[in-house]
Amino acid sequence: MARQVTPEEVVRRLQDGEEVTVIDVREIREVATGKIPDAKHIPLGQLALRKDELDKDKTYIITCQSGNRSKAACGILVALGYKVEEMLGGMNNWSGKTE
């Protein structure tokens, strides 16, 4: 099970200069409305196929629009041996900057 983090905690970690890697698992049209700066976009349906783009030594924060797909993505990545944290409430709860 992935550790859960609040959007506020993610904002704070980014502001503190922590090396944080966010993976956004929404669809292209959703990401076009704005994503967390420097977040890596891998739609949920492509996650298993694109797993080689990820590093098993890093911890990733997973986000989607509301939290349902990020929960599924965390399950997939944990099963594949990756370290992940699930951002609660997804982009619906994000109050930080977007790009």
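In case you missed it, the structure is sitting above this.
Anyway, here's the lowdown on the structure attached to this text. (Residues numbered from 1 in each chain as written. Predicted model: local features only at pLDDT ≥ 70, side-chain atom pairs only at ≥ 80, totals over all residues. Heavy atoms only, no water.)

### What to know about unusual backbone geometry
In most cases, non-glycine residues show a negative phi, while peptide bonds are predominantly trans. Going by this rule: Comment: elements are numbered from the N terminus, with helices defined as DSSP H or I runs of at least four residues and strands as E runs of at least two.
For D38, which is not glycine, the phi dihedral falls at a positive 70 degrees. Tracing the backbone shows D38 in the loop between α2 (28-31) and β3 (40-41).

### Quick word on the side chain of E30
Heads up, the rule is: Only protein chains enter the calculation, and the probe is 1.4 Å; a residue is then buried if its accessible area is under 20% of its type maximum, exposed if over 50%, and partly exposed in between. Under this definition, polar contacts are N or O atom pairs within 3.5 Å; protein pairs additionally need one hydrogen-donor-capable and one acceptor-capable atom, and for neighbouring residues in sequence, both atoms have to be side-chain atoms. Any two residues whose heavy atoms approach within 4.5 Å at even a single point are treated as in contact.
As for its placement among the helices and strands, E30 is situated in helix α2. A relative accessible area of 16% places E30 in the buried class. In terms of polar contacts, E30 uses its side chain to reach the backbone amide nitrogen of E27, at 2.8 Å. With residues near it in sequence (within four places) discarded, E30 still touches Q65 and R69.

### Some details on helix α1 (residues 7-15)
Taken together, the buried positions of α1 are occupied by P7, E9, V10, V11 and R13. In this structure, the buried side of α1 is in contact with β1 (3-5), β4 (59-63) and β5 (83-87). Positioned one or two residues after α1, G17 has a phi angle of 80 degrees, which is positive.

### Describing the nonpolar core
Note the following rule: The criterion is simple. A nonpolar core is a set of buried Ala, Val, Leu, Ile, Met, Phe, Trp, Tyr and Cys residues joined through side-chain atoms within 4.5 Å.
Counting residues in each nonpolar core, the largest one holds 14 residues, and the members touching the most others are I23, V25, L54, Y60, I62, L77 and V84. Per-element tally for this core: the top contributor is helix α3 (residues 68-79), with 3 residues. When neighbours within four sequence positions are excluded, V25 is seen to be in contact with I42, P43, L44, L47, I62, T63, C64, R69, S70 and A73. Counting 11 residues, the second largest nonpolar core, distinct from the first, contains V5, V20, V22 and M91.

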